[in-house]
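Here is what each chain is made of, one letter per residue.
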Amino acid sequence: MSERKVLNKYYPPDFDPSKIPKLKLPKDRQYVVRLMAPFNMRCKTCGEYIYKGKKFNARKETVQNEVYLGLPIFRFYIKCTRCLAEITFKTDPENTDYTMEHGATRNFQAEKLLEEEEKRVQKEREDEELNNPMKVLENRTKDSKLEMEVLENLQELKDLNQRQAHVDFEAMLRQHRLSEEERRRQEQEEDERETAALLEESRKRRLLEDSDSEDEAAPVPLQPAPRPNPTAILDETPKPKRKVEIWEQSIGSLGSRPPLSGLVVVKKAKAHPDRSNGQPQAAPAPGPPQSRKEADPAPPTPGASSLSQLGAYLDSDDSNGSN
């Protein structure tokens, strides 16, 4: 029984490899490969943007009758991700790039177009100089003028840089800072002067108002209060309490008038003939008229207390009863 995994195969002694028929494949045979989009493109059918690096399952074939220095050129077929339209591009070994063929337009191609235009102009100039020697002289003159202008511009830029190099930016900033500080100091001094002027004006106005008020009514000068002697109480000798003070403490002061003093009415003595003599009293002798104050008896003092008035009333009743 033979082995399952065999690395060597049996070749019989009469084996002739030239007798094996070769497989004939077409030259334009296509292979399925996996690739990424080499540049940004936009589909012409639906306008879908296909960005660089997007992966596709593409078909690859060799371009017939196109070779660059013995290197074959390959063509790739991909499909749009939106409308499935076919897009083709091929390799460009001359410029180490890819060229778009059909189905889409390449984006961000301005730099490449500019380079191609410069190459075209340079090629046309070389063709003209090849057949026209006067054109060669004219182009040289233009190139020399252009070179002189470039040198002049370069010299101006160098001079400008030298002038700027001599400028001390630190000194400029320091001077600007000092000017700012001086301006702030001047503003602060002006504010202080204005504030002092306003304060002086308000003080003068207050002094004028105070002088007017003093002229209208001069205030009495305040006298300093006498300072009590702390040892005066030791010098005083204790005085015996009088009976009046005891009476005032127990009953009240005779000079004070309590609120019930108005209820007691003093009885007035009436003028009547003397019963003991049986003769009327004699009229007073004519004389100079007396004043009302002298004629009228002295009214009771308003400072008498109710007890004194009550005592006077009882005395008058006793005198009337004895009569």
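Every chain begins its residue count from 1, and numbering advances along the sequence as written. This being a predicted model, a pLDDT of at least 70 is required before a residue's local features are given, and a value of 80 or more before pairs of side-chain atoms are given or counted; all residues contribute to the totals for chains, interfaces and linings. Excluding hydrogens and water, the side-chain figures rest on all heavy atoms present in the structure.

1. Here's the deal with the overall build of the chain
(1) Moving on: Across its full length, the chain carries seven helices and eight strands.
(2) Moving on: For the chain, the proportion of its 323 residues judged to be buried stands at 11%.
(3) Moving on: In this description, contact between two residues means that some pair of their heavy atoms is separated by no more than 4.5 Å. Summarising the internal contacts of the chain: among those between residues at least 6 apart in sequence, 44% fall at separations of at least 24.
(4) Moving on: When the accessible surface of the chain is summed, it comes to about 29600 Å², and 55% of that surface belongs to carbon and sulfur atoms. For helices the rule is a DSSP run of H or I covering at least 4 residues; for strands it is a run of E covering at least 2, with both sets numbered from the N terminus onward. Accessible area is worked out with a 1.4 Å probe on protein chains only. A residue is then buried under 20% of its type maximum, exposed over 50%, and partly exposed in between. Values of accessible area rely on a 1.4 Å probe in the Shrake-Rupley scheme; residue burial ignores everything except the protein chains shown.

2. Concerning unusual backbone geometry
(1) Moving on: Positive phi, close to 55 degrees, is recorded for Leu69, a residue that is not glycine.
(2) Moving on: Along the polypeptide, Leu69 turns up in the loop between strand S4 (55-68) and strand S5 (71-79).
(3) Moving on: Even without a glycine there, the phi angle at Leu84 is positive, about 60 degrees.
(4) Moving on: Mapped onto the elements of the fold, Leu84 is located in the loop between S5 and strand S6 (86-92).

3. A closer look at a negative patch on the surface
(1) Moving on: In this scheme, patches are assembled from residues that exceed 30% relative accessible area and form no salt bridge. Like charges are connected within 9 Å, while nonpolar side chains (Val, Leu, Ile, Met, Phe, Trp, Tyr) are connected within 5 Å. Each salt bridge in this description consists of a side-chain nitrogen of Lys or Arg and a carboxyl oxygen of Asp or Glu lying within 4 Å of one another. Positive charges are assigned to Lys and Arg, negative charges to Asp and Glu, while His and the chain termini are left out of the count. In this description, the location of a charge corresponds to atom NZ of lysine, CZ of arginine, CG of aspartate or CD of glutamate. On the surface, a cluster of negative charge is made up of Glu111, Glu115, Glu116 and Glu118.
(2) Moving on: Structurally, the position occupied by Glu118 is in helix H1 (residues 110-131).

4. Considering the sheet that holds S6
(1) Moving on: For two strands to be treated as a pair, DSSP must find at least two bridges joining them. Pairing in this open sheet of five strands is antiparallel, and the strands run S1-S4-S5-S6-S7 from one edge to the other. Edge strands, defined here as strands with exactly one partner in the open sheet, are strand S1 (31-36) and strand S7 (97-102). Averaged over all neighbouring strand pairs, the angle between strand axes comes to 40 degrees, with direction disregarded.
(2) Moving on: Sheet analysis places S5 next to S6, joined by five bridges and oriented antiparallel. The residue bridging Phe76 from the neighbouring strand is Phe89, located in S6. To define axes, lines are fitted to C-alpha atoms, for helices over the stretch in contact only, and angles between the resulting N-to-C directions are given on a 0 to 180 degree scale.

5. Thoughts on the side chain of Thr88
(1) Moving on: By secondary structure assignment, the location of Thr88 is in strand S6.
(2) Moving on: Exposure remark for Thr88: the relative accessible area of 7% places this residue in the buried category.
(3) Moving on: Residue contacts for Thr88: discarding those within four places in its chain leaves Phe76, Tyr77, Met100, Glu101 and His102.

6. Describing the sheet that holds strand S2 (residues 41-43)
(1) Moving on: With antiparallel pairing, the three strands of this open sheet are ordered in space as S3-S2-S8. Two strands in the sheet have a free side with no partner beyond their single neighbour: strand S3 (49-50) and strand S8 (104-106).
(2) Moving on: Summarising the sheet, S2 and S3 pair through two bridges and their orientation is antiparallel. Across the sheet, Met41 pairs through a bridge with Ile50, a residue of S3.

7. A short note on the environment of Tyr31
(1) Moving on: Mapped onto the elements of the fold, Tyr31 is located in strand S1.
(2) Moving on: Taking the C-alpha atoms as reference, Tyr31 lies 5.4 Å from Arg59; in sequence the two are 28 residues apart.
(3) Moving on: Apart from the residues within four sequence positions on either side, Tyr31 is in contact with Ala58, Arg59 and Lys60.

8. With respect to the pattern of salt bridges
(1) Moving on: Inspection of every chain in the model, using the stated rule, returns 18 salt bridges.
(2) Moving on: Here Arg125 ties to Asp143 by a salt bridge, and the two come within 2.7 Å at their closest N and O atoms. Residue Arg125 is found in helix H1, and its partner Asp143 is found in helix H2 (residues 133-166); the two are separated by 18 residues along the sequence.
(3) Moving on: Overall, the relative accessible area of 36% leaves Asp143 in the partly exposed class.
(4) Moving on: A single salt-bridge network, built from bridges that share partners, covers Glu61, Glu66, Arg75, Lys90 and Glu101.

9. Description of the packing of aromatic side chains
(1) Moving on: A pair of Phe, Tyr and Trp rings is counted when the ring centres sit within 6.5 Å of each other, with Trp represented by its six-membered ring. The angle between the planes then sorts it: under 30 degrees is stacked, over 60 is edge-to-face, the rest tilted. Taken as a whole and assessed by the stated rule, the structure comprises four aromatic pairs.
(2) Moving on: Ring centres of Phe39 and Phe89 lie 5.9 Å apart, and the angle between their planes is 70 degrees; on these two criteria the pair is classed as edge-to-face. With Phe39 in the loop between S1 and S2 and Phe89 in strand S6, this pair connects stretches of sequence that are 50 residues apart.
(3) Moving on: Within the aromatic cluster, the residues linked to one another by ring pairs are Phe39, Phe76, Phe89 and Tyr98.
(4) Moving on: The ring of Phe74 carries the charged tip of Lys60 above its face, separated from the ring centre by 4.8 Å. Placement of a charge over a ring requires the Lys NZ or Arg CZ to be within 6 Å of the ring centre, with the centre-to-atom vector within 35 degrees of the ring normal.

10. Some details on the UniProt feature "binding site: Zn(2+)" (unreviewed entry) in the chain
(1) Moving on: UniProt positions are given in the numbering used here, feature names are shortened, and annotations may be inferred rather than shown by experiment. The feature "binding site: Zn(2+)" (unreviewed entry), as annotated in UniProt, sits at Cys43, Cys46, Cys80 and Cys83 in this numbering. Taken along the chain, the residues just named run across 41 residues; in space they keep tight, none of their C-alpha pairs more than 8.8 Å apart.
(2) Moving on: Positionally, Cys80 belongs in the loop between S5 and S6.
(3) Moving on: Every residue in contact with Cys80, bar those within four places of it in the chain, is listed here: Cys43, Cys46, Glu48, Ile50, Ala85 and Ile87.
(4) Moving on: Mapped onto the elements of the fold, Cys83 is located in the loop between S5 and S6.
(5) Moving on: Residues contacting Cys83, with those up to four places away along its chain left out, are Cys43, Thr45 and Cys46.

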